[in-house]
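# Architecture and fold: a report
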Amino acid sequence: MTSDIAAILAIDGIATGAVYALVAIGTVLIFTVTRVIFIPFGDIAAFTALTLAALDAKRFPGTGALVVILACLATLIEIISLLRNGERRLVPRALFFYLALPLAVVGLAWLTMRAEPPLAIRLVLALMLITPISPLLDRIVFRPIADGTVLLLLTVSVALHFALVGLGLLFFGPEGVRTEPLTSLSTEFAGVLISGQTMLIVIAALVFSGLLYLFFDFTLVGKSLRATAVNRTGSRLMGIRPARAGTIAYLLGSLMAGVSGILIAPVNTIFYDSGFLLGLKAFVGAIVGGMTSYPGAAIGAVGVGILESFASFESSALKDVIVFSLLIPILIWRSLASLHSEEEIEE
């Protein structure tokens, strides 16, 4: 391996790791607020890429039908819950947030597609269609068992992933897609050619990480999410609703997954089931941060990307084995280094 090859592999690894970082940060965000290890996070990213590819092909994506079905189910579950609790006055609010808004997004996307919009509008439409999916899944699947153990939530999350893979095959088909690059620019640095897409991926990861930092430190909503992540019971006593905080966390996570899918689609062929490996590799990075630290998750995810890049050069058939083998020493180290409270043991 020459220095030029090592530089190329490092740049490719950093770009891939930047995408993993967005997914890892979103995974940590959802976990800290809701205690859910959201396995389908990668599936949301893959669905975004498939949605954008359908929009590029001037076809209305299956994501629209998926959002409509989820919106109807979430609305039905929410109304039944409100009626059981004697809160009829909140039914109109539930109809607005769980049914009217998602349907309005789908309707707007359908109307806009008839005008053959440019790439920038198609990117916005893809994000608009994908963003409601995670909050709706939260209302349908996770909120009824919100007080369950972490193991129960993880088991349900894995089951949900397989359900989404089946729905992805139904709505998008088995064909792989690769979208057009967001930019054709390129530059040369230290004798190594860097594509504009690679630079865009790294810049997007840095920008979204910075915005997330500002959101958590300087906004009331961000501080309420941090409070819920630190102590759910204490935040409830202070007037913060964990269910609402969870919805916001899923919204932000879904948006970050959507951006990840848009960034990775031009450089990788995406299939309906490609999200699992994407989410799992990002999860390895999140484990490095202990599932609590956003900078730690980002650094770990970039490290996973670089390791994967060099591993694929040495043995492309074993690159995934090498990456996932990293979990073993990390988990052992985390287990030995972490102090477990009696409350955690009881859970």
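What counts, and at which threshold
- Residues numbered from 1 in each chain as written.
- Predicted model: local features only at pLDDT ≥ 70, side-chain atom pairs only at ≥ 80, totals over all residues.
- Heavy atoms only, no water.
- UniProt positions renumbered as here; feature names shortened; annotations may be inferred.
- Helix = DSSP H or I, 4+ residues; strand = E, 2+ residues; numbered from the N terminus.
- Rg over C-alpha atoms; globule rule 2.2 N^0.38 Å.
- Buried < 20%, exposed > 50% of the residue type's maximum accessible area, 1.4 Å probe, protein only.
- Contact = heavy atoms within 4.5 Å.
- Areas by Shrake-Rupley, 256 points an atom, 1.4 Å probe, with all protein chains shown as cover.
- Lys, Arg positive; Asp, Glu negative; His and termini not counted.
- Charge placed at Lys NZ, Arg CZ, Asp CG, Glu CD.
- 1 Å grid on protein atoms, 1.4 Å probe; cavity = no way out; pocket = protein on both sides within 12 Å on 5 of 7 lines; lining within 4 Å.
- Points joined across faces, edges and corners; volume = space filled by probe spheres on them.
- Nonpolar A, V, L, I, M, F, W, Y, C, P; charged D, E, K, R; others polar.
- Salt bridge = Lys/Arg side-chain N within 4 Å of Asp/Glu carboxyl O.
- Expected span 1.5 Å × (residues − 1).

The name given to the protein chain in an unreviewed UniProt entry is Branched-chain amino acid transport system permease protein, and the organism recorded there is Bradyrhizobium yuanmingense. The record held by UniProt for the protein chain lists under Subcellular location (unreviewed entry) the comment "Cell membrane". You can read under Sequence similarities (unreviewed entry) in the UniProt record for the protein chain the words "Belongs to the binding-protein-dependent transport system permease family. LivHM subfamily."

### Some details on the overall build of the protein chain
Helix and strand counts for the protein chain stand at 16 helices and two strands. Its C-alpha atoms give the protein chain a radius of gyration of 20 Å, near enough to 20 Å, the size a compact globule of 347 residues would have. For the C-alpha atoms alone, the extent of the protein chain along its principal axes is close to 70 × 60 × 40 Å. Every one of the 347 residues in the protein chain was classed for burial, and the buried ones make up 44%. Contacts in the protein chain between residues at least 24 apart in sequence constitute 76% of all its contacts with a sequence separation of at least 6. Carbon together with sulfur atoms contributes 68% to the accessible area of the protein chain, which is approximately 17,000 Å² in total. With 21 positive and 22 negative side-chain charges, the protein chain shows a spacing of 12 Å between the two charge centroids.

### Some details on empty space enclosed by the protein
Applying the stated criterion to the full structure yields one cavity of 30 Å³ or more. Every residue lining the largest cavity is listed: Val23, Thr27, Ile37, Phe38, Ile39, Phe41, Gly42, Gly275, Phe276, Gly279, Leu280 and Phe283. Listed by contribution, the elements that provide at least two residues to the lining of the largest cavity are α1 (3-34), α2 (41-56) and α12 (275-288). Sort the elements by how many residues they give to the lining of the largest cavity and α12 lands first, with five residues. When the residues that make up the lining of the largest cavity are grouped by side-chain class, the tally is eight nonpolar, four polar and no charged.

### So, the pattern of salt bridges
Under the definition given, this model contains five salt bridges. As a salt-bridge pair, Glu180 and Arg122 come within 3.6 Å of each other at their nearest N and O atoms. Separated by 58 residues along the polypeptide, Glu180 in the loop between α7 (150-172) and β1 (186-189) and Arg122 in helix α5 (residues 119-130) bring together distant segments of the chain. Given a relative accessible area of 40%, Glu180 falls into the partly exposed group. One network of salt bridges, with partners in common, ties together Asp56, Arg122 and Glu180.

### Considerations on the environment of Glu116
Note on placement: Glu116 falls in the loop between α4 (91-113) and α5. Judged by its relative accessible area of 56%, Glu116 falls in the exposed class. Separated by 21 residues in sequence, Glu116 and Leu137 have C-alpha atoms that sit 30 Å apart.

### Comments concerning α2
In a regular helix each residue adds 1.5 Å, so 16 residues correspond to 22 Å; α2 covers 23 Å between its end C-alpha atoms and thus fits that length. The buried count for α2 comes to 15 of 16 residues, which makes it a mostly enclosed element. Where α2 ends, the next residue or the one after it, Lys58, has phi of about 65 degrees, a positive value.

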